Amino acid sequence: MMYLVVSPGGTLRGETTIPGDKSISHRALILGALAQGPTIIEGFLASEDCLATLNILQLLGVNITWQNTQLIVNGQGLDALREPLDVLDCGNSGTSMRLLAGLLSAQPFASTLVGDQSLSKRPMARVVSPLSQMGAKIVGHVAPLIIKPCDGLQAIRYEMPVASAQVKSCLLLAGLYANGETIITEKVASRDHTERLLRYLGADITTQKNQIRLNPQAILNGKALSIPADISSAAFFIAGASATPGAHILLKGIGINPTRMGLIHILQAMGAEITLHEKRYAGFEPIADIEVKGITLQGIEVPEKWVVSAIDEFPVLFIAAAFAQGETRFSGLAELRHKETDRIAMMAAGMEKLGVTLAILPDGIIIRGSKITGGIVDSGGDHRIAMAFAIAALQASEPITVQHAQHIATSFPSFCDIANLLGLSMIQEDNHE
């Protein structure tokens, strides 16, 4: 077991860069593998999750090499994948499993997707069901997913029951091979990195309001692309600095895709002083330099319209609410119960150990600004929960020890280094007495 031990107090001050976006790194790899010609990726996130996708693509016959800081995916087209000689291990990565299920369901060979103990408990019926409607032959509703050879998929019209960029992306990957036009309708727009990247590589895809239409494509064209810094990783420092008087940070080149801006909207509604400088485009994605000056935030009732665009950031937003004055009410968060852990329950248990006053709702939580104490909290092996509790030490009176913190490497391997650089004090320990 790996522990993260964080000293109380400290601050967040300075300027730094954050590693590349995890969601986009997965998608750049997969679509680069299906393109014709090299896709040259700058800013690829070499985290455990993204490397799981990379390793699987190599087992499927894709040539992927490093050249200095660039990752080069030598795609040979949509029909160049080969049957793997072994099971395909997604590790802890739900993105890998759900997206690759869509791709592999269209192939003329068999494959099996497996994952670690945590991933093997996560729901996969949400992709298996619509893929089965398209004609895919998949056995299992949790990992392992056994995918049988396909003799052709049929396009479908699909209304998303729950906003999920992973499910949407899974169906778009299958739709590249399907007979006819795949039409996906969302009640609320989820992150649209797959649609942007497909369009950038030449796919016949259109988006109007919350409806996406994709026609199967004979050729995608490999291109050079730059991956923005990950706003979900930056979120820990943005939220921590926003809620800590005296903090002042500048994070360079952060992705500000409109479908990912819920964190910023929520913090600004709480009074945060967040400024976006030099808004610009890095290829197919908007980016900016984000400056944060810390003050005392005010509790609010968080509008549900921002939930989908902040879905990965709620663990650290809960910590910001604990730092704020008054009461913050979060609702519409039922999806958080189906992440790497039940993030509502795990965060509530840990925050109560740290002295936070709260009440759990069926689909959310009410958090009252509290004096943070210290102690030992369990992340449940959830990377975002582990990092959120580390940020809680900014206003703690005693050290915070986070159990099962090893999965931080799935999304943000350099988290501790950057946190220490900006003014926190934390160490990793493999054994803790």
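Located above this text is the structure these notes cover.
Keep in mind the model is a prediction, meaning the values are calculated, not measured. Here the residue numbering is sequential within each chain, running from 1 through the sequence in written order. A pLDDT threshold of at least 70 governs which residues receive local features in this predicted model, and a stricter bar of 80 or more applies before side-chain atom pairs are shown or counted, although totals over entire chains, interfaces and linings include all residues. Values reported for side chains reflect all heavy atoms of the structure, with hydrogen atoms and water molecules removed beforehand.

**Q** Sorry, what's going on with the sheet that holds strand β4 (residues 63-67) here?
**A** Spatial ordering of the open sheet is given by β4-β5-β3-β14, a layout of 4 strands whose pairing is mixed. Each end of this open sheet is capped by a strand with a single partner; those strands are β4 and β14 (224-226). Strand-to-strand twist of the sheet, defined as the mean angle between neighbouring strand axes without regard to direction, takes the value 20 degrees. With 7 bridges connecting them, strand β3 (residues 36-42) and strand β5 (residues 70-76) associate as antiparallel partners. Between any two strands, pairing holds if DSSP finds at least two bridges. Per the convention used, a helix needs a DSSP run of H or I reaching at least four residues, while a strand needs a run of E reaching at least two, with both numbered from the N terminus. Every axis corresponds to a line fitted to the C-alpha atoms, with the helix fit spanning only the stretch in contact, and the corresponding angles, defined between N-to-C directions, vary from 0 to 180 degrees.

**Q** It is not clear to me how the packing of helix α9 (residues 314-323) against helix α10 (residues 343-353) should be interpreted in this structure. Could you clarify?
**A** How two helices pack is summed up by the angle between their axes together with the distance between the axes. At a minimum axis distance of 10 Å, the contact between α9 and α10 shows a crossing angle of 35 degrees. Read as a crossing pair, α9 and α10 show a hand that is right-handed. Listed contacts from α10 to Pro-315, Phe-318 and Ile-319 of α9 are Arg-343, Met-347 and Met-351. Tallied by class, the residues present in the contact of α9 with α10 amount to 5 nonpolar, no polar and 1 charged. What makes a crossing left-handed is the near helix being turned counterclockwise from the far one by less than a right angle; a clockwise turn instead makes it right-handed. Note on definitions: a residue-residue contact is assigned when non-hydrogen atoms from the two residues lie within 4.5 Å. Polar here means any residue outside two lists: the nonpolar Ala, Val, Leu, Ile, Met, Phe, Trp, Tyr, Cys and Pro, and the charged Asp, Glu, Lys and Arg; Gly therefore counts as polar.

**Q** Where do I start with empty space enclosed by the protein in this structure?
**A** If a probe as big as a water molecule is rolled over the atoms, it shows which places are left empty. A 1.4 Å probe that fits but cannot get out identifies a cavity on a 1 Å grid over protein atoms alone, an open set with protein on both sides within 12 Å along at least five of seven lines counts as a pocket, and a residue lines either if it has an atom within 4 Å of a point. Grid points are joined across faces, edges and corners, and a volume is the space filled by probe spheres set on the points. Taken as a whole, this structure holds 2 cavities of 30 Å³ or more when the rule is applied. Put simply, the largest cavity is a space of about 50 Å³. Taken together, Asp-21, Ile-24, His-193, Pro-228, Ala-229, Ile-231, Gly-255, Ile-256, Asn-257, Arg-260 and Glu-285 make up the full set of residues lining the largest cavity. Here the residues of the lining of the largest cavity sort into 5 nonpolar, 3 polar and 3 charged. If you trace the second largest cavity, you find it lined by Arg-27, Ile-30, Leu-31, Leu-99, Ser-169, Leu-173 and Thr-194. Of the residues contributing to the lining of the second largest cavity, the split by class is 4 nonpolar, 2 polar and 1 charged.

**Q** What should I look at first to understand the pairing of strand β19 (residues 357-361) in this one?
**A** Remember that side chains alternate between the two faces of the sheet whenever the strand is regular. Relative to strand β20 (residues 364-368), β19 is paired through 5 bridges, and the arrangement is antiparallel. Bridge pairing links Ala-359 to Ile-366 in β20. Hairpin connection from β19 to β20: 2 residues lie between these consecutive antiparallel strands.

**Q** Looking at this structure, how should I read the state of the cysteines?
**A** Counting rule for disulfides: a pair of cysteine sulfur atoms within 2.5 Å. According to the stated counting rule, one finds 0 disulfides in the structure shown. In this structure Cys-416 is not part of a disulfide, and its nearest cysteine sulfur, from Cys-50, lies 18 Å away.

**Q** Would you mind showing me how to read the nonpolar core here?
**A** Residues Phe-237 and Phe-415 are the most contacted members of the largest nonpolar core, which totals 85 residues. Side-chain atoms within 4.5 Å are what join buried Ala, Val, Leu, Ile, Met, Phe, Trp, Tyr and Cys residues into a set we call a nonpolar core. When a residue's accessible area, from a 1.4 Å probe over protein chains only, is under 20% of the maximum for its type it is buried; when over 50% it is exposed; and in between it is partly exposed. The next biggest cluster of nonpolar side chains, apart from the first, holds 70 residues, and it includes Ala-35, Cys-170, Leu-225 and Phe-284.

**Q** Can you help me understand helix α4 (residues 125-133) in this one?
**A** Helical geometry note: an α-helix holds 3.6 residues per turn, so side chains three or four residues apart project in the same direction. Along α4, the positions that sit buried rather than exposed are Val-127, Val-128, Pro-130 and Leu-131. Those residues of α4 hidden inside the fold are in contact with α3 (94-104), β8 (138-139), β9 (145-147), β10 (157-159) and α5 (165-175). Two residues or fewer past α4, Gly-135 is found with a positive phi of approximately 105 degrees.

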